[in-house]
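# Analysis of the macromolecular model
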Amino acid sequence: IPDKLGIAQNSLSGPIPATIGDISTLKRFVMWGNALSGVIPSAIGQLSQLTHLDLSRNLLTGGIPSSIGRLSNLGYLRLSRNQLSGD
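Conventions used here
- All residue numbers refer to positions counted from 1 along the written sequence of the respective chain.
- Side-chain atom pairs in this predicted model are given and counted only at pLDDT of 80 or more, local residue features only at pLDDT of at least 70, and totals for whole chains, interfaces and linings cover all residues.
- Neither water nor hydrogens contribute to the side-chain values; these are computed over all heavy atoms in the structure.
- In this text, helices come from DSSP runs of H or I with a minimum length of four residues, and strands from runs of E with a minimum of two, each type numbered from the N-terminal end.
- For the exposure calls, accessible area comes from a 1.4 Å probe over protein chains only, and a residue counts as buried if that area is under 20% of its type's maximum, exposed if over 50%, partly exposed in between.
- The contact criterion used throughout is that any non-hydrogen atoms of two residues lie within 4.5 Å.
- Think of it this way: Lys and Arg go in the positive column, Asp and Glu in the negative one, and His and the chain ends go nowhere.
- Every charge is mapped to an atom, namely NZ of Lys, CZ of Arg, CG of Asp or CD of Glu.
- Two strands form a pair only when DSSP identifies at least two bridges running between them.
- Helix axes are fitted to C-alpha atoms over the stretch in contact, other axes to C-alpha atoms as well, and angles between N-to-C directions run from 0 to 180 degrees.
- Here, nonpolar core means buried Ala, Val, Leu, Ile, Met, Phe, Trp, Tyr and Cys residues that are tied together by side-chain atoms lying within 4.5 Å of each other.
- Here a polar contact is taken to be a pair of N or O atoms separated by no more than 3.5 Å, where protein atoms must pair a possible hydrogen donor with a possible acceptor and residues adjacent in sequence count only if both atoms sit in side chains.
- When a carboxyl oxygen of Asp or Glu lies within 4 Å of a side-chain nitrogen of Lys or Arg, that pair is called a salt bridge.

## Quick look at the overall build of the protein chain
- If you tally the helices and strands in the protein chain, you get zero helices and eight strands.
- The N-to-C order of helical and strand elements in the protein chain reads β-β-β-β-β-β-β-β.
- With the principal axes as the frame, the protein chain shows a C-alpha extent of 30 × 25 × 20 Å.
- Within the span of the protein chain, comprising 87 residues, buried residues form 34% of the whole.
- Contacts in the protein chain between residues far apart in sequence, at least 24 positions, make up 45% of those at least 6 positions apart.
- Here the protein chain contributes 7 positively and 4 negatively charged side chains, and the mean placements of these two sets differ by 8 Å.

Shown next, in the form of structure tokens:
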């Protein structure tokens, strides 16, 4: 099972699957500079070992899931240049 998933600047499109939460060993999830769309799945909050999350420069919409707040090991979060909404 991988602990890093980095596929930046590859023109990937479509939603982030909710099954991302099943990769329990994931520490780094880097998908910036693609064309990912839809909402950030709340299942990201299941990635308890995640230290680095970069989903910037995509086409993501909706709010930031509150489950991200439960990621106690998260030291780097970058969600800029999307179409996210909320307070």
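## Re the sheet that holds strand β1 (residues 4-6)
- The four strands lie next to each other as β1-β3-β5-β7, forming an open sheet whose pairing is parallel. Single-partner strands in this sheet number two, and they are β1 and β7 (76-78). Between one strand and the next, the sheet's axes are offset by a mean angle of 10°, whatever the strand orientation.
- In this sheet, β7 lies alongside strand β5 (residues 52-54) in parallel orientation, the contact comprising three bridges.

## Regarding the nonpolar core
- By size, the foremost hydrophobic cluster in this structure holds 16 residues, and its most contacted members are Phe29, Ile44 and Leu55.
- In this view, Phe29 contacts Leu5, Ile16, Ile20, Ile44, Leu50, His52, Leu53, Asp54 and Leu55; residues no more than four positions away in its chain are not counted.

## Some words on the environment of Val39
- Considering the arrangement of structural elements, one finds Val39 in the loop between β4 (35-38) and β5.
- Sequence-distant contacts of Val39, that is, excluding residues within four places in its chain, are made with Thr61 and Gly62.

## Structural notes on the sheet that holds strand β6 (residues 59-62)
- Taken together, the four strands give an open sheet; going across it, the order is β2-β4-β6-β8, and neighbouring strands pair in parallel fashion. For this open sheet the edge positions go to β2 (13-14) and β8 (83-84), each flanked by a neighbour on one side alone.

## A few points about the side chain of His52
- Checked against the element boundaries, His52 lands in strand β5.
- Accessibility expressed as a relative area gives 15% for His52, which makes it buried.
- In this structure the side chain of His52 is engaged in a polar contact, spanning 3.4 Å, whose partner is the side chain of Arg28.
- Ignoring sequence-local partners within four residues, the contact set of His52 consists of Lys27, Arg28, Phe29, Val30, Leu74 and Tyr76.

## Details of the pattern of salt bridges
- Considering all chains together, one arrives at one salt bridge under this definition.
- For Asp3, the salt bridge goes to Lys4, with nearest N and O atoms at 3.8 Å.
- Given the relative accessible area of 30%, Asp3 is considered partly exposed.

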